[in-house]
Amino acid sequence: MAAWLALWPGGPVAASEAVNRAVNAGVRSAKRSCGDLGVHVVDVASGRTVYEYDADRERILASNTKLFTAAAALDRLGPGHFFETEVLLRGEVESGVLTGDLAVIGGGDPSISGRFHQGDAFAVFREWADELARRGIRRVRGDLVMVHGLFDDAVVHPDWPRDQLAKWYEAPVAALSFSDSCARVKIWPDGRPGAPAQVAGLPRVPFFDVEVTARTTSSSSNHRVGVTRQPEGDRLTVWGAVYRGARPVETWVAVADPVRYFGLALRQALEEEGIRVDGDVTVTAELPAAEWRRLVVHRSDLLSALEVVNKRSQNFYAESVLKLLGARSCGRGSWEAGLEVVAEFLERVGLGRGTYRMADGSGMSRNNRFSARQVTTLLAEMVQHRYAVEFLRTLPYSGEEGRSWERRLAEDPYRGNVFAKTGRLRAVSALSGYAKAASGRLYAFSVLCNGAKGDWGAKAGQDEIVKAIVRNG
């Protein structure tokens, strides 16, 4: 990637006229699907605009917001920053029994899950169990104390749609979070028509109160099943009909109380590893005063989290990073504090306060509004940044195997030459990033479409614009 960034030639923009004509044709195509379109293309080496179309109007940019969150996090914390989750114990150990408590101090780590552990959601907890066993502890008579005070108590952003709180992309954000603050619910037929469908949570954490109204059916045409969750609680309803010959259906459901979910999952994992916990899961903002001793510290690196933010467009990770910025820089793990850190960074980039609107870290809020020119201003700055290579590494690229861009712009000459972030909300489609032209020249571009008539048409128009840059730049 370092070589990729070093290839663009300097000097005047000889190709700007050709780029202008070619991109203009792509814009005409995009306008057929986008009622409100903004486009800006800049030659990175010279800083010169080579194309613009209504580039200064603020627009909803959906997950392109993550570019600003990731850039600010790299700038303030650096790619070598680690999330730290500390496990402590208090009390005496005798004959394999800890007469006391275990405490976990949340560090805002979004990645305590199976994502980096071949799908084993309990992998980190198993490491903690191994350390307990190494110290001869097979039973804990006290409680599991979950300390979540690094972040504030507002786990759901006020702008997020309240009818989608159970969706994985609106998972709550706390300093202690397990499995992306989501549970995987598996549903399969009983085999006997009319019998209730079978349901299990994966991993098997005793957390949800589940009501099953779904029934097994002998008709494949009636096969339709879903899961709903009460907005303010953790009661699930599994509804519909499950065809008796159907394969299991799996869906992710966001939990309402992520800290308690973390504690119950830890308790379950410890018991699976042969360590019994007699007490309860207790939740507190501050560690109770006592003589605590460190058991273990789990660390996860920021750069890997930012790759999930941009490559996977994972909202939960983005919001965790934003709150971490507030906690580490302002002493407040809140959306407001995190946004203050981003605003300070953007002022140095050249984006003054009041010229844009940023409400959250992921783009779920429709109150995130930037212009296409402001997006390319950020992108051009990051090419010159000391962490330019790391920032580029977080972005999806054309033809990337096993990812969402595996088939997008995957043919020559585009394959491997476009690094860009997508964004999508209802009637919103965005694409911003970098394109290396056939000449070797590097361009930053932003295509913001509001009033989109359909995802496919908006996406096709964006691709035509990017192809024009690569071919003619």
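How each quantity is defined
Residues numbered from 1 in each chain as written. Predicted model: local features only at pLDDT ≥ 70, side-chain atom pairs only at ≥ 80, totals over all residues. Heavy atoms only, no water. Salt bridge = Lys/Arg side-chain N within 4 Å of Asp/Glu carboxyl O. Buried < 20%, exposed > 50% of the residue type's maximum accessible area, 1.4 Å probe, protein only. Helix = DSSP H or I, 4+ residues; strand = E, 2+ residues; numbered from the N terminus. Disulfide = S-S within 2.5 Å. Polar contact = N/O pair within 3.5 Å; in protein donor to acceptor, adjacent residues only side chain to side chain. Contact = heavy atoms within 4.5 Å. Pairing = 2+ DSSP bridges. Axes fitted to C-alpha atoms, helices over the stretch in contact; angles between N-to-C directions. Phe/Tyr/Trp six-rings, centres within 6.5 Å; stacked < 30°, edge-to-face > 60°. Lys NZ or Arg CZ within 6 Å of the ring centre and 35° of its normal. Parallel < 35°, antiparallel > 145°, perpendicular 65-115°, else oblique. Nonpolar A, V, L, I, M, F, W, Y, C, P; charged D, E, K, R; others polar.

Caption draft 1: Layout of the pattern of salt bridges. Under the defined criterion, the tally for this structure stands at 38 salt bridges. Notably, a salt bridge pairs R57 with D54, separated by 3.6 Å at the nearest N-O pair. Judged by its relative accessible area of 43%, R57 falls in the partly exposed class. D152 is the partner of K323 in a salt bridge, and the nearest nitrogen-oxygen pair spans 2.8 Å. With K323 in helix α7 (residues 315-330) and D152 in the loop between β7 (144-147) and β8 (182-188), the pair connects residues that are 171 residues apart, well separated along the chain. For D152, a relative accessible area of 28% corresponds to the partly exposed category.

Caption draft 2: Looking closely at the state of the cysteines. Using the criterion set out here, one finds one disulfide in the structure. Bridging C34 to C449, the disulfide has an S-S length of 2.1 Å. Residues C34 and C449 are joined by a disulfide whose S-S torsion is about -115°; by sign, that bridge is left-handed. Within this pair, whereas C34 is found in strand β1 (residues 34-43), its partner C449 is found in strand β21 (residues 442-452), the two being separated by 415 residues in sequence.

Caption draft 3: Focus on the side chain of D180. Here D180 is to be found in the loop between β7 and β8. Within the structure, D180 has its side chain in polar contact with the side chain of R115 (distance 2.6 Å). Of the polar contacts made by the side chain of D180, one reaches the side chain of Q314; its length is 3.0 Å. Ignoring anything within four residues of it in the chain, the contact list for D180 reads P110, S113, R115, A171, Q314, F316 and Y317.

Caption draft 4: Representation of the pairing of β8. The pairing of β8 with strand β14 (residues 249-254) spans six bridges and is antiparallel. Note that in β14 the partner of A183 across the bridge is V253. Looking at chain direction, β8 and strand β9 (residues 198-202) are connected through five bridges and run antiparallel. Note on β9: the bridge partner recorded for K186 is A200.

Caption draft 5: Representation of the sheet that holds β1. Ordered in space as β2-β1-β21-β20-β19, the five strands form an open sheet in which the pairing is antiparallel. The strands lining the two open edges of the sheet, one partner per strand, are β2 (49-53) and β19 (418-425). Strand after strand, the sheet turns through a mean of 10° between neighbouring axes, direction not considered. The pairing of β1 with β2 spans four bridges and is classified as antiparallel. Residue pairing across strands places V41 opposite Y51, the latter belonging to β2. Here helix α9 (residues 372-384) sits on the sheet in contact with β1, β2, β20 (428-436) and β21, set at roughly 150° to β21.

Caption draft 6: Local environment of the packing of aromatic side chains. Counted according to the given criterion, the structure contains 15 aromatic pairs. Ring geometry for W168 and Y169: centres 5.7 Å apart, planes at 80°, overall edge-to-face. Owing to a relative accessible area of 39%, W168 belongs among the partly exposed residues under this scheme. We note K186 situated over the ring of W188; from NZ or CZ to the ring centre the distance is 5.5 Å. Here the guanidinium or amino end of R408 rests over the ring plane of W405, the centre of that ring lying 4.9 Å away.

Caption draft 7: Expanded view of the packing of helix α2 (residues 16-31) against helix α11 (residues 455-472). As a packed pair, α2 and α11 sit with axes 8 Å apart at the nearest point and diverge in direction by 170°. By the angle between their directions, the pair α2 and α11 is classed as roughly antiparallel. Residues A18, V19, A22, V23, G26, V27, S29 and A30 of α2 touch α11, and the partners they reach there are G461, E464, I465, A468, I469 and N472. For the contact of α2 with α11, a count of residues per class yields nine nonpolar, four polar and one charged.

Caption draft 8: Up close: the sheet that holds β8. Strand order across the open sheet formed by three strands is β9-β8-β14, with antiparallel pairing between neighbours. Two strands in the sheet have a free side with no partner beyond their single neighbour: β9 and β14. Taken pair by pair, the neighbouring strands of this sheet meet at an average axis angle of 25°, ignoring direction.

Caption draft 9: Expanded view of the packing of helix α3 (residues 65-77) against helix α6 (residues 302-311). Two elements in contact, α3 and α6, have axes whose closest approach is 10 Å; the angle formed by their N-to-C orientations is 170°. Here α6 runs roughly antiparallel to α3, going by the angle between their axes. On the side of α3, the interface is formed by K66, L67, A70, A73, L74 and L77, while α6 contributes L302, L303, L306, V309 and N310. Of the residues contributing to the contact of α3 with α6, the split by class is nine nonpolar, one polar and one charged.

Caption draft 10: Fine view of α6. Judged by how many residues are buried, α6 sits mostly within the fold: ten of ten residues are covered. Those residues of α6 not exposed but buried are L302, L303, S304, A305, L306, E307, V308, V309, N310 and K311. Where α6 is buried, its residues contact α3, β4 (82-94), β17 (293-301), α7, α10 (388-393) and β19. N-capping of α6 is provided by D301, with a side-chain oxygen placed 3.4 Å from the backbone N of L303. Two residues or fewer past α6, S313 is found with a positive phi of approximately 55°.

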